[in-house]
Amino acid sequence: MQRLSELVIRPETTARWLRQSLTRAHPPQALLLVGAPGVGKRTVANALIAAWLCPQRTPDGACGACESCLKWSEEGSHPDLRVLRPSPDQIKIESVREARQWMNFAPTIAPFRFVLIEEAHRLNPAAANALLKTLEEPPPRYHFVLTSPASDLLIATILSRCQLVRLGVVPIAELAAILVARGVEPAKAQRIAELSEGAIGRALRWSQTDAVEWQTLESMLALFATLGSAPSISALRLAEQFRALCKQLEGGADETSARAALATGLEYLLRWYRDSLAPPEKRQFASHHAALEQLARRTPPAQRLEHIARITEARRAILGNANAQIITEDLFIHLLA
Ligand SMILES: [Zn+2]
């Protein structure tokens, strides 16, 4: 179990507020944790709930030794916790109904009971309505934590019942230093920090040795790095490699679909081109300075702006229903023309 004090939480005001919330006699009725993907919403939610369920909590978090703490598990099998999450892409009313049944009973070992709703914006309309009824009249000693990438993705009636807590990103240099302190080699730490855009949860996941997602994105950047020198004849091969890399982003923790994975790949390509237009000190992919400069020499700024428009258009087409092979081949032919 991770204690709240072990987590890197930004901004500082949020960290302070969360610590203080643990000194009160009762948890907030419903808390909504909002932040970009990979920022650590689930980790923070887990540390908070574990602390609230612990009768010996301190502002640092749960004690780690009491009956409740010993029953804690990240999978949500604690007897006083129910976790609702999308399966595969929606939270359906059955899950909410099942949780409501469970809510007929008093806490078993902890002073409170919690319902954690991950990715609450994926509650389908029926489930959201059922949840709303529960939020309006919660049984005593029942509390809720919701997570979502953005507050405006939730219906206003649910939002109005929740206390909003925003989790932010960590500055790139600071994040790289945190990774180095945890044993990651400095150059790799810098590249992970850049790619994760300061989302600490994602960066920590990627710094593990078998992080396939990160290795894939690294390979993708290596492919983009050839765009400044690749002959136009290699366009189809690059398009094929690009699709193969996107395919590796399918599935995973977020159940990414084939189209969403391609859109993600194109999103990174977009950032690569935008980065080439930014002044060196403002670049996201600072580690790839030489390759970005090479692209800048090959393609004048006006043409790169046009390429950005093309990539944006390709991304939209993919998210529509266009043929992925045709779209990516057209795109790479155009980029290398
Ligand atoms: Zn405890």
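In this text the structure is predicted, and so the values were computed from the model without any measurement.

Here we look at unusual backbone geometry
No. 1: Omega for the bond connecting R10 with P11 falls within 30 degrees of zero, at -5 degrees, which places this linkage in the cis form.
No. 2: Relative to the elements of secondary structure, P11 occurs in the segment before helix 1 (12-21).
No. 3: You will see that E119, though not glycine, has its phi angle at about 55 degrees, which is positive.
No. 4: Note that E119 resides in the loop between strand 3 (113-117) and helix 5 (125-136).
No. 5: Under the C-beta neighbour-count criterion, E119 is labelled buried, with 21 such atoms within 10 Å.

What to know about the environment of P171
No. 1: Of note, P171 is situated in the loop between strand 5 (163-166) and helix 7 (172-181).
No. 2: Overall, the presence of 12 C-beta atoms within 10 Å leaves P171 in the exposed class.
No. 3: For P171 and A291, which are 120 residues apart along the polypeptide, the C-alpha to C-alpha distance reads 23 Å.

Observations regarding the environment of Q2
No. 1: Following the sequence through the fold, Q2 ends up in the segment before helix 1.
No. 2: Using a count of 16 C-beta atoms within 10 Å as the deciding quantity, one classes Q2 as partly exposed.
No. 3: A sequence separation of 288 residues divides Q2 from A290, and the C-alpha atoms of the two residues are 40 Å apart.

Here we look at the domain arrangement of the chain
Accessible area lost upon the coming together of the parts serves often as the stated size of an interface.
No. 1: Structurally, the chain comprises domain 1 (4-166) and domain 2 (211-336).
No. 2: Each of domain 1 and domain 2 has a C-alpha centre, and the two are 37 Å apart.

A short note on the packing of helix 7 against helix 8 (residues 186-196)
No. 1: Contact geometry of helix 7 with helix 8 gives a least axis separation of 8 Å together with a crossing angle of 135 degrees. Judged on the interaxial angle alone, helix 8 and helix 7 are oblique. By crossing handedness, the relation of helix 7 to helix 8 is classed as right-handed. Here I172, L175, A176, L179 and V180 of helix 7 come into contact with helix 8, specifically with P186, A189, Q190, I192, A193 and E194.
No. 2: Here the residues of the contact of helix 7 with helix 8 sort into nine nonpolar, one polar and one charged.

Considerations on the sheet that holds strand 1 (residues 30-34)
No. 1: Pairing in this open sheet of five strands is parallel, and the strands run 2-3-4-1-5 from one edge to the other. Looking at strand neighbours, the two that pair on one side only are strand 2 (81-84) and strand 5, the edges of this open sheet. In this sheet, neighbouring strand axes are inclined to one another by 20 degrees on average, regardless of whether the strands run parallel or antiparallel.
No. 2: With respect to the sheet, helix 2 (residues 41-53) is in contact with strand 1, strand 2, strand 3 and strand 4 (142-148), its orientation differing from that of strand 4 by roughly 170 degrees.

Overview of the nonpolar core
No. 1: With 92 residues, the main nonpolar core has L48, I49 and V145 as its most contacted residues.
No. 2: With nine residues, helix 2 is the single largest residue contributor to this core.
No. 3: Each of two domains, domain 1 (4-166) and domain 2 (211-336), supplies a minimum of three residues to this core.
No. 4: Beyond its immediate chain neighbours, meaning those up to four positions away, V145 contacts L31, L33, A45, L48, I49, F114 and L116.

A short note on helix 2
No. 1: Taking 1.5 Å of rise per residue, the 13 residues of helix 2 would be expected to cover 18 Å, and the 18 Å separating its terminal C-alpha atoms lies within 8% of that figure.
No. 2: Buried residues of helix 2: K41, T43, V44, A45, N46, A47, L48, I49, A50, A51, W52 and L53, and no others.

Observations concerning the packing of helix 14 (residues 301-319) against helix 15 (residues 324-336)
No. 1: Closest axis-to-axis distance for the helix 14/helix 15 pair is 10 Å, and the angle between their directions is 175 degrees. It follows from the interaxial angle that helix 14 and helix 15 lie roughly antiparallel. For the pair helix 14 and helix 15, the contacting residues are H307, R310, I311, A314, A317 and I318 in the first and A324, I327, L331, H334 and L335 in the second.
No. 2: Classifying every residue of the contact of helix 14 with helix 15 gives eight nonpolar, two polar and one charged.

Reading guide: rules and limits
- Residues numbered from 1 in each chain as written.
- Predicted model: local features only at pLDDT ≥ 70, side-chain atom pairs only at ≥ 80, totals over all residues.
- Helix = DSSP H or I, 4+ residues; strand = E, 2+ residues; numbered from the N terminus.
- Buried ≥ 20, exposed ≤ 12 C-beta atoms within 10 Å, placed from the backbone.
- Domains from an automatic or database assignment.
- Axes fitted to C-alpha atoms, helices over the stretch in contact; angles between N-to-C directions.
- Parallel < 35°, antiparallel > 145°, perpendicular 65-115°, else oblique.
- Left-handed = near helix turned anticlockwise from the far one by under 90°.
- Contact = placed C-beta atoms within 7 Å.
- Nonpolar A, V, L, I, M, F, W, Y, C, P; charged D, E, K, R; others polar.
- Pairing = 2+ DSSP bridges.
- Core = buried A, V, L, I, M, F, W, Y, C linked by C-beta atoms within 7 Å.
- Expected span 1.5 Å × (residues − 1).

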